[in-house]
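Descriptive structure summary
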Amino acid sequence: EMEAKYTRKMQALRDEMDLRRKTEIHELEERKNTQISELMGNHEGAFGAIKNYYNDITAKNLTLINLLKEQVEDLKKKETVLEKEKADVLLQNKELTQPLQEAQELVAELQKKLVHYYRDKEALVNSKAHLKITQKQLKDLQWEHEVLEQRFKQVQAERDELYQKFTKAINEVQQKTGFKNLLLERKLQGLLSLLEQKEVELGEVVAASNLDPNALSLVSRKMEDVLSSKNATIQNLQLQLARVCKAHNDMLQTFKAKLTAFGIPLDNLGFQPLSFPFQGQ
């Protein structure tokens, strides 16, 4: 009975379990079919999106391929033009080889000239500095020249005035001394006659007085001393005159040298400087 009881229980449990299993299988199949339907829908959507994506890519690639083909054709044309230009350039390079060599030689020569140019430039800077100094000296000399010209004009005016006065005085003196010369000539003739008479009288007095020769020689020596003193004074004055004349001539030579150094002609002075002769010339 217990075996039969448990057999019935086990059969009932088995049926219940079969029914639950069938129910669960049915539910599982329904969920599986639902998921399959969803997956198929998703798959179809994804497939359509992928298909559209790859169709767009394919269209773009075809457009790009066509564009690249056109670019390739353009590049081929450009390559042909460039090849032609390359040939022309090679020909020009071949033709320009000799001018290039000449240009290089010219550049070397110009570089040498550039070295000389820098030297000349430095010399020019030095010359400009020297020129500034010379210009300053020239301005100073021009100022001195203007001062000297003003002094010269003043002296020239004074000279002209003195010359006029001198001429007038000479005329007056000539007029005044015309008569005086006649009187002086007459007086001179009278004095000469008187001198001859006095010499004769002096000779007679000396002969009559029988003077001591020593006294006579003493008088003669005194006269010689006086004459020697006068001659020494004359020589001293002549020596001083020679010194002054030499200093004057040296100053004229220096002045002429300065004028020549500054390029001023001597004729521009407007007068001829006097050069005093030395003693014995």
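Under the annotation held in an unreviewed UniProt entry, the chain carries the name Dynein regulatory complex subunit 4 and is attributed to Dasyornis broadbenti. The UniProt entry for the chain carries the following text under Sequence similarities (unreviewed entry): "Belongs to the DRC4 family."

1. Concerning a negative patch on the surface
On the surface, Glu24, Glu27, Glu29 and Glu30 cluster together into a negatively charged patch. Relative to the assigned elements, Glu27 resides in helix 1 (residues 2–209).

2. Quick look at the packing of aromatic side chains
This structure, assessed with the given rule, holds 2 aromatic pairs. Ring geometry for Tyr53 versus Tyr54: centroids 5.3 Å apart, planes at 75 degrees, classification edge-to-face. On the numbers, 5.8 Å between centres and 55 degrees between planes, the contact of Tyr117 with Tyr118 is tilted. Classification of Tyr117 by relative accessible area gives partly exposed; the value is 46%. The ring of Tyr6 is capped by Lys9, whose NZ or CZ atom sits 5.2 Å from the centre of that ring.

3. A word on the pattern of salt bridges
Close approach of charged atoms allows side chains of opposite charge to pair. Per the stated rule, a full pass over the model turns up 4 salt bridges. Notably, a salt bridge pairs Asp18 with Arg21, separated by 3.8 Å at the nearest N-O pair. Of this pair, Asp18 and Arg21 both sit in helix 1, separated by 3 residues, roughly a single helical turn. Under the relative-accessibility criterion, Arg21 is labelled partly exposed at 42%. Ionic pairing is found between Glu109 and Lys113, a salt bridge with its closest N-O pair at 3.9 Å. Of this pair, Glu109 and Lys113 both sit in helix 1, 4 residues apart, roughly one helical turn. Given a relative accessible area of 40%, Glu109 falls into the partly exposed group.

Criteria and thresholds
- Residues numbered from 1 in each chain as written.
- Predicted model: local features only at pLDDT ≥ 70, side-chain atom pairs only at ≥ 80, totals over all residues.
- Heavy atoms only, no water.
- UniProt positions renumbered as here; feature names shortened; annotations may be inferred.
- Patch = residues over 30% accessible without salt bridge, like charges linked within 9 Å, V, L, I, M, F, W, Y side chains within 5 Å.
- Areas by Shrake-Rupley, 256 points an atom, 1.4 Å probe, with all protein chains shown as cover.
- Salt bridge = Lys/Arg side-chain N within 4 Å of Asp/Glu carboxyl O.
- Lys, Arg positive; Asp, Glu negative; His and termini not counted.
- Charge placed at Lys NZ, Arg CZ, Asp CG, Glu CD.
- Helix = DSSP H or I, 4+ residues; strand = E, 2+ residues; numbered from the N terminus.
- Phe/Tyr/Trp six-rings, centres within 6.5 Å; stacked < 30°, edge-to-face > 60°.
- Buried < 20%, exposed > 50% of the residue type's maximum accessible area, 1.4 Å probe, protein only.
- Lys NZ or Arg CZ within 6 Å of the ring centre and 35° of its normal.

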